[in-house]
Amino acid sequence: MAASMSDVFSFCVGVAGRARVAVEVRFVSSAKGKGLFATQLIQKGETIFIERPLVAAQFLWNALYRYRACDHCLRALEKAEENAQRLTGKPGQVLPHPELCSVRKDLHQNCPHCQVMYCSAECRLAAAEQYHQVLCPGPSQDDPLHPLNKLQEAWRSVHYPPETASIMLMARMVATVKQAKDKDRWIRLFSQFCNKMANEEEEIVHKLLGDKFKGQLELLRRLFTEALYEEALSQWFTPDGFRSLFALVGTNGQGIGTSSLSQWVHACDALELKPQDREQLDAFIDQLYKDIEAATGEFLNCEGSGLFVLQSCCNHSCVPNAETSFPENNFLLHVTALEDIKPGEEICISYLDCCQRERSRHSRHKILRG
């Protein structure tokens, strides 16, 4: 059951100045599967496409440790100064140029039933329309016996930081199908992601859950079934189907990192200042990042993962001609050309852990500002 290309491209949100996305999906080989190819010349530095995920979710430990993000798009909700105060452990930390902070607290809204927070009315409504009606725990948000809370606690007990996946990404997949009027369309879209052989699936699950993965996987499957069973997806709830679903998320989940502080730093970089003022501001930011590294280590961002249909078609290369990033401080993924890409040429990215890359980018000042 294959999704149409119009279904796939409907998750691209457009590229300025271009009438259509300049790529197409082709079958490459049985070993590689699909690949993404340029249909016209793409110049170095050009945004190839921008894509929103089918589903996304913040990592559970990340949320527990008060990395406050929009529950739908993962936009960082803290003001840059609040972010700096928490990460340095200094409640009195003050940032110059506070007007450069892009966070709009006046737009934030919470779910009236369970109080989870969104960056805007648009995100609250989008979540409600797609999956949140099924997943909203209502007044049971803090009840440890609620089925979804039991599932999340079980996940946290087997998957510790640095996190690479979330059981809630799978939960949002199920909830999306449960709420959908056209369930088959969503099942087709989720079926686009690459599947692995049984032995490869076990390796992926082992990597996510550790040596006792078989028992842990069965516990998670049981809790997942109790919380979310859906007849239209009955195969996902069988032992083999659940392992496949787990492997799908482990293989295709794209790390997402957002930070109001990094947005503020980029805005500072764009300021036109006298040389002496620039030197002072640079020295301040250098020291700020040293203080953060001493207090917090490498965990600087709101982090999560998402499933992106088009991006998942990009194959890996050790010398990629494109890269992924999240410059809008939310879950919108930008794929940018690192060199000129000719028509018919395959678009390849690096599969290095994106969150690791984002952490390193935001925690090392010289890279951040390079």
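To keep things clear, this report deals only with the structure shown in the data block. (Residues numbered from 1 in each chain as written. Predicted model: local features only at pLDDT ≥ 70, side-chain atom pairs only at ≥ 80, totals over all residues. Heavy atoms only, no water.)

## Things to note about the pairing of strand 4 (residues 55–58)
Side chains Val55 and Ala57 of strand 4 all project onto a buried face; the interleaved residues Ala56 and Gln58 project onto the opposite face, where all are buried too. Both strand 4 and strand 8 (residues 302–307) contribute to a ladder of 4 bridges, which runs antiparallel. Paired with Gln58 across the bridge in strand 8 is Gly304. (Buried < 20%, exposed > 50% of the residue type's maximum accessible area, 1.4 Å probe, protein only. Helix = DSSP H or I, 4+ residues; strand = E, 2+ residues; numbered from the N terminus. Pairing = 2+ DSSP bridges.)

## Overview of the side chain of Arg156
With respect to the helices and strands, Arg156 occurs in helix 5 (residues 147–156). Residue Arg156 is classed as buried on the basis of its relative accessible area of 13%. A distance of 3.1 Å separates polar atoms of two side chains, one belonging to Arg156 and the other to Glu153. Apart from residues no more than four positions distant in its own chain, Arg156 is found in contact with Leu60, Trp61 and Leu64. (Polar contact = N/O pair within 3.5 Å; in protein donor to acceptor, adjacent residues only side chain to side chain. Contact = heavy atoms within 4.5 Å.)

## Considering helix 4 (residues 121–135)
The terminal C-alpha atoms of helix 4 lie 18 Å apart, and with 15 residues this falls more than 12% below the ideal 21 Å at 1.5 Å per residue. The principal kink in helix 4, of about 70°, is found at Glu129. Residues Cys123, Ala127, Gln130, Tyr131, His132 and Leu135 constitute the buried set of helix 4. Where the residues of helix 4 are buried, they touch strand 4, strand 6 (117–118), helix 5, helix 6 (167–179), helix 7 (183–190) and helix 9 (213–228). (Expected span 1.5 Å × (residues − 1). Bend = angle between axes of the 7 residues up to and from the residue.)

## Structural notes on the packing of aromatic side chains
Inspection of the entire model under this criterion finds 10 aromatic pairs. Judged by centre distance (5.7 Å) and plane angle (50°), the ring pair of Trp155 and Phe246 falls under tilted. With Trp155 in helix 5 and Phe246 in helix 10 (residues 239–252), the pair connects residues that are 91 residues apart, well separated along the chain. Assessed through its relative accessible area of 1%, Trp155 is described here as buried. Residue class for Phe246 comes out buried when judged on its relative accessible area of 1%. An aromatic cluster of three or more residues is present, and its members are Trp155, Phe224, Tyr229, Phe237, Phe242 and Phe246. The ring of Phe37 carries Arg26 above its face, with NZ or CZ at 4.5 Å from the centroid. If you follow Arg185 out to its NZ or CZ, it ends over the ring of Trp186, 5.5 Å from the centre. (Phe/Tyr/Trp six-rings, centres within 6.5 Å; stacked < 30°, edge-to-face > 60°. Lys NZ or Arg CZ within 6 Å of the ring centre and 35° of its normal.)

## Re the sheet that holds strand 7 (residues 254–258)
Spatial strand order, 4-8-7: 3 strands in an open sheet with antiparallel pairing. A single partner strand is all that each edge strand has here, and the edge strands are strand 4 and strand 7. Geometrically, the sheet is characterised by an average inter-axis angle of 30° between neighbouring strands, direction not taken into account. As paired strands, strand 7 and strand 8 are joined by 5 bridges and run antiparallel to one another. Bridge pairing in strand 8 places Ile256 opposite Gly304. Its contacts with the sheet put helix 6 on strand 4 and strand 8, and the angle it makes with strand 4 is roughly 140°. (Axes fitted to C-alpha atoms, helices over the stretch in contact; angles between N-to-C directions.)

## Observations concerning the packing of helix 8 (residues 198–209) against helix 9
In contact at an axis separation of 9 Å, helix 8 and helix 9 are set at 85° when each is read in the N-to-C sense. If you check the angle between helix 8 and helix 9, you find them roughly perpendicular. Residues Glu202, Val205, His206 and Leu209 of helix 8 touch helix 9, and the partners they reach there are Phe213, Lys214, Gln216, Leu217 and Leu220. For the contact of helix 8 with helix 9, the class distribution of residues is 5 nonpolar, 2 polar and 2 charged. (Parallel < 35°, antiparallel > 145°, perpendicular 65-115°, else oblique. Nonpolar A, V, L, I, M, F, W, Y, C, P; charged D, E, K, R; others polar.)

## Some details on the packing of helix 6 against helix 7
The axes of two packed helices give the description: the angle between them and the distance between them. Put simply, helix 6 and helix 7 touch, their axes get as near as 8 Å, and they point 155° apart. Taken together, the axis directions place helix 6 and helix 7 in an arrangement best described as roughly antiparallel. Between helix 6 and helix 7 lies a crossing whose hand is right-handed. Where helix 6 abuts helix 7, its residues Met173, Thr176, Val177, Lys178 and Gln179 lie against Lys183, Trp186, Ile187 and Phe190. (Left-handed = near helix turned anticlockwise from the far one by under 90°.)

## Structural notes on the environment of Leu209
Its location among the elements puts Leu209 in helix 8. Residue class for Leu209 comes out buried when judged on its relative accessible area of 5%. Considered as a pair, Leu209 and Trp155 are 54 residues apart in the sequence and their alpha carbons are 9.0 Å apart. Those residues within four positions of Leu209 in sequence are excluded, and the remaining contacts are Trp155, Val158, Gln216, Leu217, Leu220 and Phe246.

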